[in-house]
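Observations on the three-dimensional arrangement
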Amino acid sequence: MENKINVGDLVFSLSGRDRGSVYLVIEADEKKATIVNGKTRKVNKPKIKNLKHLFKIAQSELKDEAQKIALKKPFSNERLNKAIKIEIIKNGGTFSVKR
């Protein structure tokens, strides 16, 4: 799997208070990504995190949802959280992090 993090990818936090959490990337550049998960990081208050603290676990089918959130269009936190859970299940439900 390509390691570059893009909009719509699911990522795993490697450090910080949110270590171990899964997020959806809604914006990304060369050094930072803006992430949400609908639970601890709500749609209306995303987190900007350094890419070296994130690990890409899946290229999800949530790119359209990520773009809607980035453009501040209405999107519920519950719907986002459920979509992330479904994507994790589609990808086997488990993953391992290798640095």
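Counting of residues starts from 1 at the beginning of each chain's written sequence and follows it residue by residue. Whole-chain, interface and lining totals are the exception, using all residues; otherwise, since this is a predicted model, local features are given only for residues with pLDDT of at least 70 and side-chain atom pairs are given and counted only at 80 or more. To obtain the side-chain values, all non-hydrogen atoms of the structure were included, while hydrogens and water were left out.

**Focus on the sheet that holds strand β2 (residues 22–28)**
DSSP bridges decide pairing: two strands pair if at least two such bridges lie between them. What counts as a helix is a DSSP run of H or I of at least four residues, what counts as a strand is a run of E of at least two, and both are numbered from the N terminus. With antiparallel pairing, 5 strands are arranged side by side in an open sheet as β4-β3-β2-β1-β5. Strand pairing shows two members of the sheet lacking a second neighbour, β4 (47–50) and β5 (54–59), which therefore form its edges. On average, each strand axis in the sheet is tilted by 45° relative to the strand beside it, whichever way the strands run. Direction of pairing for strand β1 (residues 9–13) relative to β5: antiparallel, over a ladder of 5 bridges. Within β5, the residue paired with S13 across the bridge is L54. Here a residue-residue contact requires only that any non-hydrogen atoms of the pair lie within 4.5 Å. Only the stretch in contact is used when fitting a helix axis, every axis being a line fitted to C-alpha atoms; angles between N-to-C directions are given from 0 to 180 degrees. Where helix α1 (residues 63–70) meets the sheet, its contacts fall on β2 and β3 (32–36), and the angle it forms with β2 comes to roughly 65°.

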